[in-house]
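Per-entry structural report
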Amino acid sequence: MPRAPSAPTRRAVLGGAAAAALARPALGGAPPRVVVVGAGFGGATAARCLAAGGVDTALVEAAPRYVACPGSNEVVAGLRGIEAQTFGYDALGRAGFRLVRATADAVDPAARRVRLGDGTELPYDRLILSPGIDLRFDALPGYDARAAEAMPHAWKAGEQTVLLARQLAAMPEGGTVVLSVPANPYRCPPGPYERASLIAHFLKTRKPRAKLILLDAKDTFSKQKLFEAAWARLYKDVLEVVPLAAGGQVSEVDPAGMVVRTDFAEVKADVACIIPPQRAGRIAAQAGCADRSGWCPIDPATFESRLVPGIHVVGDAAIAGAMPKSAFSANAQAKVCAQAVIDLLAGREPENPRLINTCWSLVAPGDGISIAGVFRPTDGLLADVPGAGGISPLDAPDAVRAQEAAYGESWYRTITRDVFG
Amino acid sequence: MRAAPAALALLAALVGAAGAGAAEMRAPPGASSCTGCHARGAAMGALAGRPEAEIVAALAAFRTGARPATLMNRIAKGFDAAESRAIAIWFASQGAR
Ligand SMILES: Cc1cc2nc3c(=O)[nH]c(=O)nc-3n(C[C@H](O)[C@H](O)[C@H](O)COP(=O)(O)OP(=O)(O)OC[C@H]3O[C@@H](n4cnc5c(N)ncnc54)[C@H](O)[C@@H]3O)c2cc1C
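Residues numbered from 1 in each chain as written. Chains lettered and ligands numbered in written order. Predicted model: local features only at pLDDT ≥ 70, side-chain atom pairs only at ≥ 80, totals over all residues. Heavy atoms only, no water.

The subject of this paragraph is the domain arrangement of chain A. The figure often quoted for interface size is the accessible area lost as the parts come together. Residue and element names in this part refer to chain A. Domain annotation for chain A reports domain 1 (8–62 + 102–134 + 279–349) and domain 2 (137–276 + 359–420). Spacing between the C-alpha centres of domain 1 and domain 2 amounts to 31 Å. When the two sides are added together, the surface that domain 1 and domain 2 hide from each other amounts to roughly 2000 Å², 69% of it contributed by carbon and sulfur. By the criterion of area lost to domain 2, the three top residues of domain 1 are Phe41, Ile133 and Pro300, representing 25% of everything that side buries. If you look at where domain 1 meets domain 2, you find three salt bridges. The residue arginine 279 makes a salt bridge to aspartate 138 at a minimum N-O spacing of 3.6 Å. Applying the counting rule to domain 1 against domain 2 returns seven residue pairs in polar contact (both at pLDDT 80 or more). Elements with a minimum of two residues in the side of domain 1 that touches domain 2: helix H3 (41–52), strand S10 (133–135) and helix H10 (327–345). Along the lines of polarity and charge, the residues of the side of domain 1 that touches domain 2 split into 15 nonpolar, six polar and six charged. (Domains from an automatic or database assignment. Buried area = accessible area lost by both parts, 1.4 Å probe. Salt bridge = Lys/Arg side-chain N within 4 Å of Asp/Glu carboxyl O. Polar contact = N/O pair within 3.5 Å; in protein donor to acceptor, adjacent residues only side chain to side chain. Helix = DSSP H or I, 4+ residues; strand = E, 2+ residues; numbered from the N terminus. Nonpolar A, V, L, I, M, F, W, Y, C, P; charged D, E, K, R; others polar.)

Below is the structure:
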């Protein structure tokens, strides 16, 4: 027999949040409604899971199409087309929930409503935000939205990705490419280093005598030993790395002169890819879910905001402890969050979850490395399960590297099919 | 109480969808992450509908290192024998999709 869900005894053991959601009278006898903002890896997954669980769900998305970031470094390096990254929302429109093609302009947490760009209001019993990131155009002197036209970030895939690819292809043979990497936290910790690897591969094979200077605002980074070993093996003559300790933090850019400055030096670039600092997508801050860091503290079991009850935050926007900001994480978090929301709406206590992340990177075409982790709530944050996870072996034979590259590509095809297909 | 019908309607949907108790239909901790890789058509293969013993044995072999792997060894170490078994039972009970 199913456990009686509406039994008062069961509900009595639950904390305030769940009881409040169930007892809310505003919607009368209507079934509970969940609104999800952002049809990316996190939000689209959450909406699918909620609908599969029988929950009345609306998914709000502003963009005309989704352009996926995983794999987009290959587009930058001319190894694949942007079509391989681009997905329509048609299938999501037939997935058993309401797909609302609009911008979520504001959230009123007290009234539990989301206001859309056209003024329409969507009421919710629980709200899930997966808005991804905003690039901070106020953080690096000289770097604003206009500067990004000359010095692309390509950190939100789409036109920016194509622009950077085009600039690299058009660059003179002996040119200089600058790639600037921000301090933590930012979307996709290993992403800049995969980009450095693939640009170096592009220069080595297509632009002899050109070089790449990586200016880093950090001294340590994800999969560092693996990247450094690959760079020493493959790109010694192409790639120069300047870590924080050697003055790698960019302090200013001049897009008109194509100059990138640090406290110690000035580099004239032919192509400059500037990855600026980031924060949670605007709507998260508007809803009151972001703290002073610009990111959203959450309960690690339910992903409910620590700041605003009734709102859950998943994906890049959330502060997920040891879990990195990745599409893999966003997908895994969305599944756990959706189940927790179903449980809370049904007056059931959510389970203590376990989540997995894995990110593959290419150091060259067909040459893959990975980092994996298993996470569980510990002291209010998602922490690594000790003994699990870690990076690929440093001494893996070529065949294993090729296998990892193939698994990474397979993951991309499956995840994009499961989310958007 | 006015919320009761809402909760019941939801649960009815859940129960209907699973054909089993709503509590039992919840995947054990970790299982929902496995399907990020293990899905129909993926190089990693789907887990749904595979015999429990097969999954349990594979996870144990990955955990000890007896079975070579590019990354399942790193993932399997995040689950002890009991947790692995719960996951295996759950996948075995899912019809192959
Ligand atoms: C170069 C690069 C390579 C990467 N490679 C990998 C990789 O190999 N593996 C991996 O796992 N991850 C990778 N990532 C990271 C991955 O892309 C992100 O972590 C992931 O997209 C996060 O998902 P999300 O749901 O949080 O946000 P997104 O996927 O960004 O989705 C957010 C969505 O919300 C919409 N939205 C935002 N605000 C509103 C609003 N107010 N109203 C309506 N809609 C709104 C946006 O339009 C967007 O569609 C990479 C990232 C980069 C930049």
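There is more to say after this.
A few words on the side chain of arginine 354 of chain A. Of note, arginine 354 of chain A is situated in the loop between H10 and strand S22 (355–364). You can call arginine 354 of chain A buried: its relative accessible area is 9%. At 2.6 Å, the side chain of arginine 354 of chain A and the backbone oxygen of glycine 78 of chain B are in polar contact. Each residue touching arginine 354 of chain A, except ones within four places of it in the same chain, is listed here: Val374, Phe375, Arg376 and Val385 of chain A together with Pro29, Gly30, Ser33, Gly78, Phe79 and Glu83 of chain B. (Buried < 20%, exposed > 50% of the residue type's maximum accessible area, 1.4 Å probe, protein only. Contact = heavy atoms within 4.5 Å.)

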